[in-house]
Amino acid sequence: MEPRQRFRRLVPGVATLLVATALFFGVNAAAARPSGSDVAGDYKFQEMPIAMPAGYNDQKMNTVRKVNPAYWKIRTWVSSVGASVAMNDLTGHGISDSLCIVDTRTNDVVVTYAPTARAQDRFTPFVLNAAPVPVDDTMAPTNCTPGDYNGDGRMDILVSYWGRTPILFLAKASATTVSNAAYVPQELVPAASPDGKYHGPRWNTDAIYVGDLDGDGHPDVVVGNYFPDSDVLDTHGLKNVVMNDSLSSAKNAGGDHVLRFVKSTTGDKPTAAYVEDSKAINFQIATGWTLAVSGADLTGDGLPELYVANDFGHDHLLYNQSTPGKIRLTEATGTRSATTPKSFVLGKGSFKGMGVDFGDLNHNGNFDLMVSNIDEPWGLVESNFLFVNKAKDEADMKRQLADGKAPFEQKAQQYGVAWTGWCWDVKFGDFLNSGNLDIIQTDGFVKGKIDRWPWLQEMAMTNDDLLSNPAMWPNVGPGDDVAGDNQLAFYAATKDNKFANISKSLGLAVPTPTRAIATADTTGTGALDFAVARQWGPPVFYANKAKQGDYLNLKLYRPSADMAVAGKGLAGMGSPAYDATVTVTNKEGTQVSRLDGGGGHGGYRSFDVQFGLGMYMGTSNVKIQWRDASGTEHTQTLNLATGQHSIELTDHAQVMDHGDQKMEMTS
């Protein structure tokens, strides 16, 4: 036999050996993570009980959903999402110490207070009631998103569902305490109900994003749907349900709907009107199985860009080219070098996008972003994404995005956050006020006693043509387990500029699937607390007891449409300045953050914009970029001392702190 022929015969074997070797080292690299032993002692969290409505914990707690008969064999899979948690200032008293929880065990939306809340911020916990808006047992809540949707300075609540379109709960002008009677429920998407029953579209929502997309000074809403419009939870429903038509490029889902604010009224019969902008996102990229959406202004023009995280297919970074009254979002994708794996190119990946958040990781005044994927060692070894911003500045970012290019480089492995488990919501936050961001990530799929990873891996080898039929999927029912022992991850920055998961050292590593994270300074002391929503488990609150560095906490608001009662009843000092961006510069460096109106997978942080300053106790230059209530862009720099500041944003930024602090306006 000629040497050339012998070489050809050896090629398949050599290729197989190389792949096996790569997988071996890839899986083992997942275990080669920084220990974090040098930093774990700096953190301390205390688990505290959450007050629930009277008798709530005495009722039957479910562990699986009732589903369409076509989904019966995979009912536990279909039951794997829906838990949500948010922290915000529902009382209007100036501190974000209220909680809104979606509990999958009861299909209830619970409104309560944080365990650390002041006496004046406590109220009787209750289950939010949508009546007379129709909700029945073919529907289940999936997100609870506080916000001021009619601009009156009072915090409302937006609830999304499987089985129907979202419902807005608008706060009444006369309400003096947080209760069911304080809210007027209304449809976010108008739907007639002549017989008291729901006849609108059967949306199955897993993600909500709230932000001023068109720059008109009012919040718009992006609704990210998972299953296509169908009777997912109707036990007598039509057999109109499907699964994804691909594991890597599915486009047969409910996708993304962009709802633009139109008008609103205040008073005891408040209203907020939204219309769907069907041309906001190209249809070809708006039909994914969306699990998370987040946004930040990457270009400095006062308009947030969006990142849409999709299961079973490509994620999308959307460049915002909107004008007031017209929302337009176009896709930008990363570029691939000779050493870049295809799935590491932003917008081209085949991984399972589950959660996303923006943050300034490198103290350079530019937003980076982290994306949760499935990266279970010896299960499904993908990788989380940590996309590092490589643009020179905002102007360079704008030029590249306009050209369809996304200047980000995937660095999760280099930073030590590539492999966690079966991941969901992810949130940045500085829990020591050290100036370094930490990362919290929820994990776990379905908990049981029988390991079904072999079945799942077998399904992964199935022909895509078979996947959309639920009958072709392996059984995933009660008692089955897939990544059920995954634990909440807490990544802290180490001395070598990487991250280490110190969850076990902090007592946070409970082997129960978790879904969503909310963060807030619930005590007004600058220390970030956090709450976690568990799937088929009770929610949990962690009070931050660690020693803190100095900080800046900014409450940014515009004058509300009902200024005559500002600070009275449930009204705060104004309406949150959605998507305002803040850049803080002092001799220690530069940081950027934004007022996050709500985004991610089921978890919603407070509206405070906070920066850790470490040991720095001097003043900082604070550049604020915002749009006023008419949509006009403004930029102003203030010189602020450490601590908390309330700032009213009109055509200029005015510090409204009490006391005799003098705030110097520098530009």
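In this report, the structure presented in the accompanying data block is examined.

Criteria and cut-off values
- Residues numbered from 1 in each chain as written.
- Predicted model: local features only at pLDDT ≥ 70, side-chain atom pairs only at ≥ 80, totals over all residues.
- Heavy atoms only, no water.
- Buried < 20%, exposed > 50% of the residue type's maximum accessible area, 1.4 Å probe, protein only.
- Helix = DSSP H or I, 4+ residues; strand = E, 2+ residues; numbered from the N terminus.
- Arc of directions from axis to C-beta.
- Contact = heavy atoms within 4.5 Å.
- Pairing = 2+ DSSP bridges.
- Axes fitted to C-alpha atoms, helices over the stretch in contact; angles between N-to-C directions.
- Disulfide = S-S within 2.5 Å.
- Lys, Arg positive; Asp, Glu negative; His and termini not counted.
- Salt bridge = Lys/Arg side-chain N within 4 Å of Asp/Glu carboxyl O.
- Polar contact = N/O pair within 3.5 Å; in protein donor to acceptor, adjacent residues only side chain to side chain.
- Core = buried A, V, L, I, M, F, W, Y, C linked by side-chain atoms within 4.5 Å.

1. Concerning helix 5 (residues 453-460)
No. 1: Turning to helix 5, its buried residues are W453, L456 and M459. Buried residues in helix 5, looked at end-on, bunch into an arc of 120 degrees, giving them a common side.
No. 2: In this fold, the buried residues of helix 5 make contact with helix 2 (75-78), strand 24 (450-451), helix 6 (464-467) and strand 25 (480-481).

2. Let's talk about the sheet that holds strand 30 (residues 540-544)
No. 1: Read across the open sheet, the four strands follow the order 1-30-29-28; overall the sheet is antiparallel. In this open sheet, the two edge strands, each paired with only one partner strand, are strand 1 (45-48) and strand 28 (514-520). Each neighbouring strand pair of the sheet contributes to a mean axis angle of 25 degrees, computed without reference to strand direction.

3. A short note on the state of the cysteines
No. 1: Within this structure, the stated rule accounts for one disulfide.
No. 2: At a sulfur-sulfur separation of 1.7 Å, the disulfide partner of C100 is C144. Note on the C100 and C144 pair: the S-S dihedral is about 80 degrees, so by sign convention the disulfide is right-handed. Here C100, found in strand 3 (residues 98-103), pairs with C144, found in strand 6 (residues 140-147); they are 44 residues apart in sequence, far enough to count as distant.
No. 3: On the basis of relative accessible area, C100 is assigned to the buried category, the value being 1%.
No. 4: Accessibility expressed as a relative area gives 0% for C144, which makes it buried.

4. Comments concerning the side chain of D438
No. 1: Relative to the helices and strands, D438 resides in strand 23 (residues 438-443).
No. 2: No salt bridge is formed by the buried D438; the nearest opposite charge belongs to R605, separated by 11 Å.
No. 3: Among the polar contacts listed, one links the side chain of D438 to the side chain of Y43, at a separation of 2.6 Å.
No. 4: Here F431 takes part through its backbone nitrogen, which lies 3.0 Å from a polar atom of the side chain of D438.
No. 5: Setting aside chain neighbours within four positions, we find D438 in contact with Y43, K427, F428, G429, D430, F431, L432, F490, Y491, A492, A493 and F499.

5. Examining the nonpolar core
No. 1: Membership of the largest hydrophobic core comes to 64 residues, with the highest contact counts inside it found for I157, Y183, V221 and L556.
No. 2: If one sorts the elements of this core by residue count, strand 8 (residues 167-171) sits on top with five residues.
No. 3: Among residues more than four places away in sequence, those in contact with Y183 are L90, F126, L128, M155, I157, F169, L170, A171, K172 and V178.
No. 4: Within the second largest apolar cluster, 34 residues are counted, among which are W77, V232, W422 and V482.

6. What to know about the pairing of strand 7 (residues 156-162)
Successive residues of a regular strand alternate their side chains across the two faces of the sheet.
No. 1: By the criterion of burial, strand 7 is predominantly enclosed, with seven of the seven residues buried.
No. 2: Of the two faces of strand 7, both are covered, the one formed by D156, L158, S160 and W162 as well as the one formed by I157, V159 and Y161.
No. 3: Examined bridge by bridge, strand 6 and strand 7 share seven bridges and lie antiparallel to one another. Residue pairing in the sheet places P141 in a bridge with Y161 of strand 7.
No. 4: Here strand 7 runs beside strand 8; their pairing, made up of three bridges, is antiparallel.

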